[in-house]
Amino acid sequence: MVKYSKKYFAGGIMPITTNDLMQINEMIHYNLSSILKKISPRIHLKYFCINHDQQGGVSKIFRVKKTVSVNLDRRIRCLHDKLKTIEQALDELNLPHDVLTDNHDFNNRVYRLYSGTNTEELTISESEAVKIKYNSAQPVLELNTAATTSLQVGQLIYYGKTFDVKVGKETGTITCLIGIRNVETDAIRLYYDKPELSFLRMVLDYYFMDFYSPGSGGALLFLNASNQLDRKYKEDTTQFLRRMIRLFFGKAQLLLQSDSLSSWGEQIENQIRNEYYVNTFLEKIDEISTKTYESASPFGSILFFNENVLEHKNGMIKYAVKFSKDDRIDLEDAKRIRKLLELTSEEKHLYLIGDHRSIYGLGEIRWNDLKDTLCFRVDFKGLSKYNLVFTDVMVREGREGRLLDGGDRKVYRIDRDHIITDHRLVSVAFKNPRLGEEGYAPDRVTKIVMSQFWEGDDSGIEAAANATKLEQIVRKAREQKHGTMVVISDSHTAQDEVIKLKKQSTLIEPMEVNPDYIKYLTAIDGAIYFDNTGECHAIGVILDGIAQEGQGDASRGARFNSAHRYLAKLNHLGKKCVIVIISEDGMVDIIPDIENEGKVFVLVQEMIDLLGEEHEHLEALFSAKEEELCRYAQADYDLLYGIGLALHNKKMYSKAATYFKQSFEVGGKEWPSGWYSYRAICHGQLETEEDYMISYQMHEKALEIVDKPNHKHYRNLGNSAYRLGKMYVGTKKRDSASYYMSIGITNFELAIDLVEDKNVELLSSLYNWIGLIYDQLRKTNGKKDRANFLEKEIEAYTKAIDMQKEANFYWNRALSHQILDMQEEAVKDLIDAQLLKPQKEYLDQIEKTLNNHPEIVPSATTFYAERRTPKRPNTEIEALLERVEGDIKSAATNEVESAIATSAE
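Residues numbered from 1 in each chain as written. Predicted model: local features only at pLDDT ≥ 70, side-chain atom pairs only at ≥ 80, totals over all residues. Heavy atoms only, no water.

This part takes up the overall build of the protein. The number of helices and strands found in the protein is 32 helices and 23 strands. Looking at the protein as a whole, 52% of its 905 residues qualify as buried. At a minimum sequence separation of 6, the contacts of the protein that also span at least 24 residues come to 68%. (Helix = DSSP H or I, 4+ residues; strand = E, 2+ residues; numbered from the N terminus. Buried < 20%, exposed > 50% of the residue type's maximum accessible area, 1.4 Å probe, protein only. Contact = heavy atoms within 4.5 Å.)

Laid out in C-alpha cells, this is it:
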C-alpha cells in the first residue's frame with residue numbers, strides 16, 4: 001500500500017481489492033464512454049480512480065483507459081496504469097494539487113477555479129523584476145500559478161465523484177476523477193457558466209446517482225453475485241439518454257414556470273426531482289416535430305416565456321398576430337401548431353410566442369426589454385428533429401462616447417449595445433439527444449474544403465478566408481426546406497463545367513452572391529455551382545456523370561446518387577470538387593469524406609496524453625508521433641490547438657507556438673479571447689522581435705474582442721508592449737521604443753483603474769512596472785525629457801512602496817535615487833530592501849555607496865538603528881556598517897598621520 005503524508009479525503013471505509021476495483025472501473029468507464037460518445041462522437045475521456053483506505057487516505061490510484069486487445073478478437077478492454085501519487089493524476093488533468101483537499105467539494109472548487117481564472121493572466125516573476133534595472137535580463141512572463149490552463153480556454157470539462165461501493169459484505173470508498181475533451185465550446189461554457197442549463201452536467205450527475213442500483217447501507221452502487229454493477233432501470237445507454245432528454249425538458253419547463261434560473265449557490269449538482277418526470281414538455285415538442293404540412297417537414301421556431309411575463313410585459317413583444325385569451329392554442333394541439341410554424345421567419349425574427357402550456361400568437365421581440373427574463377427557443381429542423389436554445393441579452397457600454405453641448409449643461413453620451421446570445425442546450429433527432437447540431441458541423445465543411453483545394457498551399461490567410469466564406473454559403477443553403485446541392489470546384493473547372501452543362505442549368509456572370517440570397521437561388525431544382533473563391537457560376541444545375549459498379553446508395557435519393565456520379569467523373573479527370581448534399585429532412589452529407597479522420601483523431605489524443613505524462617525520452621517519442629501525423633491530411637483546428645495547449649503546459653513553447661499558428665490558419669475564424677492569450681504567451685517566451693510582436697498583436701486582439709475587459713487584459717497588453725519596446729531601447733528604433741513603452745504605461749494605468757483597492761499586491765506590482773517603463777523611456781529619450789521621466793519613475797516606485805513594502809520596489813527606487821545623486825536616500829532604500837529580503841547584491845551596493853560617500857555613513861547608521869528589529873537584528877548590515885566605519889576611521893587616522901609626517905619633514 002502506498003503511504004501518503006497528506007490526508008486528501010475524509011471518511012474512508014475499506015479499501016477494495018484490486019480485482020474488484022478494476023471490474024468496477026471497467027464498467028463505469030465503458031458505460032460512461034458509450035453515453036458520452038452518443039451525445040458527441042468526438043468526445044474523449046480521461047478517467048482516474050482513487051481507492052481510499054480506512055483513515056480517509058489513499059490505497060490505490062489508477063489511470064484507466066480503453067485499448068484494443070492484441071488477440072485476434074480485437075476486443076476493447078481497459079488498462080489500469082497504477083500511479084504513485086494523486087499529484088500525478090492532477091498534473092495530467094492540468095489541475096492544481098489543492099483542488100482535492102476536500103473530496104466532497106471537488107466540483108465546486110473546479111467551478112470557482114474556472115470563474116476566478118476565466119481570463120488568462122500573465123505575471124512576471126518577481127526575481128526577474130528585481131534584476132531588470134540591475135542588469136539587462138529580460139523579464140520572464142508566465143501564467144499565474146493560481147491559474148489552470150485547461151479551464152480557461154475550454155479544452156477540458158472536469159467532473160469528480162466520491163462514493164461508497166458495496167462488494168459482498170464489505171463497503172469501500174472510491175473517487176472518480178474525469179476529464180472530458182473535445183466538447184463544443186458552447187457546451188463547455190454552459191457547463192461552467194450556467195451549469196443548471198448544461199445537459200452534459202445533468203447526464204454526468206444522473207449517471208452516477210441514477211444509472212446503477214444502489215447498495216445497502218447508503219452505498220451508491222454494488223457488485224452483484226455475477227460480479228456486475230446492477231443497472232437501476234435495466235436501461236441500455238440509449239434508453240438512459242432518452243430518459244435524460246425527457247428530464248432535461250422537464251427541468252426547462254420547471255424553470256419556465258418559475259421565470260428564473262435556479263439559485264444553486266455553492267452546490268451545483270443536479271438533484272432527482274419528481275417534477276422533471278411529471279412535466280410533459282418534451283412529449284409536446286416531439287409530437288409537433290413529427291407532423292408534416294402539405295408533405296413538408298417542420299421548420300420554424302417557438303419562443304417560450306413564463307406565463308406572467310406574457311400577461312404583463314406586453315411591451316416586450318411586438319405581436320403580428322395575437323390570439324384571444326379564450327382561443328390560445330394548446331401546446332398539445334400539434335397539428336395546428338405545425339401549420340402555424342409556416343408563418344415564422346428566422347430572417348425576419350418572427351416567432352411563435354408561448355408559455356409551457358399554450359401559444360399566444362406570432363411576433364417579434366424587443367430585445368432591449370428582455371433583460372433578466374428567462375427565454376427558451378425551440379428550433380424545428382426537420383422531421384423529428386429540433387434544438388432547445390437558451391437566449392440571453394447582455395448590455396455592453398460603448399468604450400468611447402461623445403460630448404453633446406446642451407447650453408447650460410453638457411451631456412456625455414455613450415452607446416449601449418444589446419448583445420443577443422443563443423446557447424444551444426441540446427439537439428434532438430428521433431428522440432436521441434446530441435450536443436451540437438444534427439448532421440452539420442461548420443468546422444468539418446471548412447476542413448474538407450481546405451484539404452481539397454489548399455492542402456500544402458502557402459496561401460494561408462486568403463485560403464482560410466475563402467473556406468470560411470464557402471461555409472457561410474453552405475450554412476445558408478441549409479435553410480432551403482426542399483433540399484439542394486452546393487457544388488464547389490476550382491475556378492477553371494467551374495468555368496469549363498458550367499459551359500458543358502449550360503443546356504441543363506442557368507448560367508450567370510461569375511460573381512459573389514450575398515449569402516442571404518442563397519435560400520432563394522436554391523429554390524429551383526438542381527445544384528448551385530461555386531468556385532473555391534466563393535464566386536457563383538450557375539444555378540439550377542442538373543449534374544451529369546456515369547454510373548459505376550459499387551457507387552452510390554440505393555437507400556438514398558436521386559440528389560445523393562447524382563452527386564456521387566458527378567464527383568466520380570471529375571475525380572477521373574483529375575479535378576478537385578466538393579459537393580454538399582442537403583436533403584429535405586435536413587440531413588447534410590459532404591463528399592468527398594476526409595480520409596483517415598479517425599486515425600488522425602486517435603493519434604492527436606495519443607500526442608496530448610503523451611505530453612501529460614512523464615517519459616524519459618519525451619521529445620523523441622513526441623517527434624515520432626509528429627512524423628506519423630504528417631503522413632495524414634491536415635487535422636482539425638481544434639485538434640491542433642489541443643496539441644498546442646498540451647505543449648504549452650509542458651513549457652515546450654516553440655512547438656506550441658507552431659501548433660497554435662497552424663490551428664488559427666486552418667480554422668480561419670474569430671477565436672475566444674483566451675485562445676489569443678495562449679498563443680501570445682508562447683511567443684512571449686521565445687524572446688525574438690518577431691515573436692514579441694506576435695505576442696503583442698495577440699494580446700491586442702484578445703482585448704479587442706472580449707465583451708468586458710478586466711485588469712488582466714490590460715495588464716497582459718501592457719506587459720507585452722513593455723517587452724517589445726525594451727527590445728528597441730539602445731537601437732536606432734528609438735521612436736518604436738517610446739511608442740510601445742507609452743502603450744505599456746497606458747494599459748497598466750487602465751489595469752490599475754479596474755483593480756479593487758484591497759488588492760494591494762497587484763496594485764503595487766502595477767505601479768512598480770510603470771516605474772520600470774519610465775526607466776526605459778529615460779534611456780531612450782533626449783536629455784531634456786530625462787529629468788521628467790526620472791521624477792515619474794521615482795513617483796511610481798513610491799506608490800508601489802506605499803501600498804506594499806517589497807524589497808525589489810526599494811531596490812528599483814534606490815537605483816533611481818543614485819542616478820539623481822541622492823545617495824543618502826538610495827542607501828536608506830537599500831537598507832530597507834536588505835531588511836525585507838537579504839540579498840548579497842543589496843549589501844554590495846550599500847558598501848559600494850558608503851565607501852564612495854563616507855559623509856552619509858552616520859545617517860545610514862542612524863536609519864538602520866531606527867529600522868532594525870530588536871528581536872532579529874540584521875547582522876550582515878551591522879557588520880558592514882562597523883566595517884565601513886572602521887575603514888573610514890582608519891583612513892582618517894592614516895590621513896592625519898600622513899599630514900603630521902609631511903609637516904615634520
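Quick look at helix H27 (residues 783–803) now. Spanning 21 residues, H27 covers 31 Å between terminal C-alpha atoms, matching the ideal 30 Å at 1.5 Å per step. All of the buried residues in H27 are Phe-789, Leu-790, Glu-793, Ile-794, Ala-796, Tyr-797, Ala-800 and Ile-801. An end-on view of H27 places all buried positions within 160° of arc, on one side of the element. Along H27, the residues that are exposed and aim more than 90 degrees away from the buried face are Lys-784, Ala-787, Glu-791 and Asp-802. (Expected span 1.5 Å × (residues − 1). Arc of directions from axis to C-beta.)

Taken as a whole and assessed by the stated rule, the structure comprises 26 aromatic pairs. Measuring from centroid to centroid gives 6.4 Å for Tyr-529 and Tyr-566, while their planes differ by 90°, and the two rings are edge-to-face. Separated by 37 residues along the polypeptide, Tyr-529 in strand S20 (residues 527–531) and Tyr-566 in helix H17 (residues 558–572) bring together distant segments of the chain. For the residue pair Tyr-529 and Tyr-566, the accessibility class agrees, reading buried in each case. (Phe/Tyr/Trp six-rings, centres within 6.5 Å; stacked < 30°, edge-to-face > 60°.)

Note the cis peptide between Ile-591 and Pro-592, where omega equals 0°. Secondary-structure assignment places Pro-592 in the loop between strand S23 (588–591) and helix H18 (597–611). Phi is positive for Asn-227, which is not a glycine, with a value near 60°. One non-glycine residue with positive phi stands out, namely Glu-294, at about 50°. Of note, Glu-294 is situated in the loop between helix H10 (281–289) and strand S9 (299–304).

Further remarks concern the packing of helix H26 (residues 760–780) against H27. Between H26 and H27, the least distance of the axes is 8 Å, while the angle of their chain directions is 165°. Regarding the angle of H26 to H27, the classification is roughly antiparallel. Relative to H27, the crossing made by H26 is left-handed. Mapping the contact onto sequence places Val-760, Leu-763, Ser-764, Tyr-767, Asn-768, Ile-770, Gly-771, Leu-772, Tyr-774, Asp-775, Leu-777 and Arg-778 in H26 and Arg-786, Phe-789, Leu-790, Lys-792, Glu-793, Ala-796, Tyr-797, Lys-799, Ala-800 and Met-803 in H27. Residue composition of the contact of H26 with H27, by class: 13 nonpolar, three polar and six charged. (Axes fitted to C-alpha atoms, helices over the stretch in contact; angles between N-to-C directions. Parallel < 35°, antiparallel > 145°, perpendicular 65-115°, else oblique. Left-handed = near helix turned anticlockwise from the far one by under 90°. Nonpolar A, V, L, I, M, F, W, Y, C, P; charged D, E, K, R; others polar.)

Their axes nearest at 10 Å, the elements helix H29 (residues 823–836) and helix H31 (residues 857–867) cross at an angle of 35°. Crossing of H29 against H31: the hand is right-handed. Residue-level contacts link Glu-824, Val-827, Lys-828, Ile-831, Asp-832 and Leu-835 of H29 to Ser-859, Ala-860, Phe-863, Tyr-864 and Arg-867 of H31. In terms of residue class, the contact of H29 with H31 is made up of six nonpolar, one polar and four charged.

The next subject is the pairing of S20. Buried residues dominate S20, accounting for five of its five residues. Because side chains alternate across S20, one face comprises the buried residues Ala-527, Tyr-529 and Asp-531, and the other comprises Ile-528 and Phe-530, equally buried. Bridge count for strand S18 (residues 484–489) against S20 is four bridges, and the pairing is parallel. Bridging across to S20, Ile-488 finds its partner in Phe-530. The pairing of S20 with strand S21 (residues 535–541) spans three bridges and is classified as antiparallel. Paired with Ala-527 across the bridge in S21 is Val-541. (Pairing = 2+ DSSP bridges.)

The subject of this paragraph is the pairing of strand S12 (residues 351–354). The sheet contact formed by S9 and S12 spans three bridges and is parallel. Looking at the pairing, Ile-302 lines up with Leu-352 of S12. Here S12 hands over to strand S13 (residues 358–365) after three residues, the two strands then running antiparallel side by side.

On to the nonpolar core. In terms of nonpolar packing, the biggest core is built from 104 residues, with Ile-28, Phe-249 and Phe-376 touching the most fellow members. In contact with Phe-249, not counting residues within four places along its chain, are Phe-281, Leu-282, Ile-285, Tyr-386, Leu-388, Val-426 and Val-428. Formed by 56 residues, the second largest nonpolar core is a distinct cluster that contains Tyr-728, Ile-743, Trp-811 and Phe-863. (Core = buried A, V, L, I, M, F, W, Y, C linked by side-chain atoms within 4.5 Å.)

So, on to the side chain of Ser-358. Mapping Ser-358 onto the fold places it in strand S13. Overall, the relative accessible area of 12% leaves Ser-358 in the buried class. For Ser-358, the contacting residues outside a window of four places in its chain are Arg-328, Ile-329, Asp-330 and Leu-331.

Let's shift gears to the confidence of the model for the protein. Residues at a pLDDT of 70 or more form 82% of the protein, whose mean pLDDT is 81. Across the protein, the secondary-structure element scoring lowest on mean pLDDT is strand S5 (residues 141–143), at 31, and the one scoring highest is H10, at 96. In this model, residues 68–75 is a region of pLDDT below 50 whose contacts with residues beyond four sequence positions or in other chains number seven contacts. Confidence over residues 116–154 falls short of pLDDT 50; this stretch has 121 contacts with residues more than four positions distant or in other chains. (pLDDT = per-residue confidence, 0-100.)

A few words on the sheet that holds S18. Adjacent strands of a sheet form backbone hydrogen bonds with each other and so pair up, either parallel or antiparallel. Taken together, six strands build an open sheet; the order of strands is S19-S21-S20-S18-S22-S23 and the sheet is mixed. On the outer flanks of this sheet lie strand S19 (506–512) and S23, each paired with one strand and no other. Direction aside, neighbouring strands of the sheet carry axes that sit 15° apart on average. In the packing of helix H15 (residues 491–500) onto the sheet, the strands contacted are S18, S19, S20 and S21, and the crossing angle to S20 comes to about 145°. The sheet strands contacting H17 are S18, S20, strand S22 (577–582) and S23, and the helix crosses S22 at an angle near 180°.

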